[in-house]
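Here's the letter readout for the chains.
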There are 2 protein chains.
Amino acid sequence: MEAYLAIVSKREVRDYLPDPIREEEMNQILEAGRASGSSRNRQHWRFILMRDRKRLRELSVLVTRPANLTGCAAAIVVVLTNPRAQFDAGRAAQNMMLAAWSLGIGSCPNTPADEPGLKTALRVPGEAGIPTIISLGYPAPGAPRPRPRAKPEEVLARIDRLPLKDLVYREVYGG
Amino acid sequence: MEAYLAIVSKREVRDYLPDPIREEEMNQILEAGRASGSSRNRQHWRFILMRDRKRLRELSVLVTRPANLTGCAAAIVVVLTNPRAQFDAGRAAQNMMLAAWSLGIGSCPNTPADEPGLKTALRVPGEAGIPTIISLGYPAPGAPRPRPRAKPEEVLARIDRLPLKDLVYREVYGG
């Protein structure tokens, strides 16, 4: 899939087939996270790959949208050993979700509703934080899915976002 | 450029040609930011496009690596109207930097060294924050540049990152 199309067409997917994600594809998604840039290359992140669906159901009550975790095929918990590095966590998560999308795999970031509870359940130590849990799975029928032949300009004309004219200033805020 | 290759091969570029970035490409980069997902689609971001190189030189002393701003062809200041949405800012910044990379344009995130000073200079109001300023430009000779025919596995074998085995746990932290 072409990079620019993948970037502008990526949608959050919340309805998944139960099929497990193929090992090679999961590896590619994790490599995309590993390759991410971070401030001073500190790589303040660790990734917990969860494929045990029973455990995912148990943990689902600890995020803001439990259905994403009860229904997903797998999840990647992003752990920040320095919890202030949220910006870098966003970069790594986006890399993994874009890689997934380009492989035909849907994903969605999930915000902890009970971060201390998640840390205990996942044995995350000390000061570390959990900025997000990425739920993953092949899109269910009706869910958004990548269309490798779509045109970026057509995709962009239809997205539910602020228009560029309200979003971009020139030289100064409001300019 | 293929999406997965773009994601895993993206490097920070800090040495730029002075040539201005073509209008159409700049527009594509900004659209990539606009298309980013955000928590509850709140889009708590605004982008200030800076192309005035004199102004960029003036502002350069307010970021941690002034040379990135003195040398770049343009910059995108990411403003967060809700400064706690750093994770989403990371997603949008990564989208823009990957789009740039796929177009042959180098980029680097720059952390404010004096955020209040930047806010004043850029007339950013109230509680808003500036998580990053993305410097942009065509890579100078010797700087990293996209190689659309590279193989992802060869790129990944050479990057300066923790190995996957030290980065990924199974089911629980440390597992």
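Residues numbered from 1 in each chain as written. Chains lettered and ligands numbered in written order. Predicted model: local features only at pLDDT ≥ 70, side-chain atom pairs only at ≥ 80, totals over all residues. Heavy atoms only, no water.

Labelled according to an unreviewed UniProt entry, chain A appears under the name Nitroreductase family protein, originating from Tectimicrobiota bacterium. Listed in UniProt under the heading Sequence similarities (unreviewed entry), the comment for chain A reads: "Belongs to the nitroreductase family." (UniProt positions renumbered as here; feature names shortened; annotations may be inferred.)

### Some thoughts on the relation of the copies chain A and chain B
Least-squares fitting of chain A to chain B yields an RMSD of 0.0 Å, with the superposition described by an axial translation of 0.0 Å and a rotation of 180 degrees. Such values leave the two copies arranged in the relation of a two-fold axis. Identified as the residue of chain A closest to the rotation axis by C-alpha distance is A3 of chain A, at 1.8 Å. The share of interface residues of chain A whose copies in chain B are also at the interface is 100%, consistent with both copies meeting through the same surface. (Least-squares fit on C-alpha atoms with pLDDT ≥ 70 in both. Contact = heavy atoms within 4.5 Å.)

### Some details on the sheet that holds strand β3 (residues 106-110) of chain B
Strands belonging to one sheet form pairs held by backbone hydrogen bonds; the direction of such a pair is parallel or antiparallel. With respect to topology, five strands assemble into an open sheet ordered β5(A)-β1(B)-β2(B)-β4(B)-β3(B), the strand pairing being mixed. Only two strands of the sheet have a single neighbouring strand rather than two, namely β5 (168-170) of chain A together with β3 of chain B. Shown here is a sheet whose adjacent strand axes are inclined to one another by a mean of 25 degrees, direction ignored. Across three bridges, β5 of chain A lies against strand β1 (residues 45-50) of chain B in parallel orientation. In the strand pairing of β1 of chain B, V168 of chain A is matched with F47 of chain B. Running at roughly 165 degrees to β1 of chain B, helix α2 (residues 23-34) of chain B makes contact with β5 of chain A together with β1, β2 (74-80) and β4 (129-137) of chain B of the sheet. Across the sheet, helix α5 (residues 86-102) of chain B touches β1, β2, β3 and β4 of chain B, and the angle it forms with β4 of chain B is around 5 degrees. (Pairing = 2+ DSSP bridges. Helix = DSSP H or I, 4+ residues; strand = E, 2+ residues; numbered from the N terminus. Axes fitted to C-alpha atoms, helices over the stretch in contact; angles between N-to-C directions.)

### Some points on the packing of helix α5 (residues 86-102) of chain A against α5 of chain B
Packed helix pairs are specified by the crossing angle of their axes together with the interaxial distance, meaning the distance between the axes. At a minimum axis separation of 6 Å, α5 of chain A and α5 of chain B run at an interaxial angle of 55 degrees. Classed by the angle they form, the pair α5 of chain A and α5 of chain B counts as oblique. Crossing of α5 of chain A over α5 of chain B shows right-handed handedness. Across from Q86, F87, A89, G90, R91, A93, Q94, N95, M97 and L98 of chain A in α5 of chain A, the residues of α5 of chain B making contact are Q86, F87, A89, G90, R91, A93, Q94, N95, M97 and L98 of chain B. Taken together, the residues of the contact of α5 of chain A with α5 of chain B sort by class into 10 nonpolar, eight polar and two charged. (Parallel < 35°, antiparallel > 145°, perpendicular 65-115°, else oblique. Left-handed = near helix turned anticlockwise from the far one by under 90°. Nonpolar A, V, L, I, M, F, W, Y, C, P; charged D, E, K, R; others polar.)

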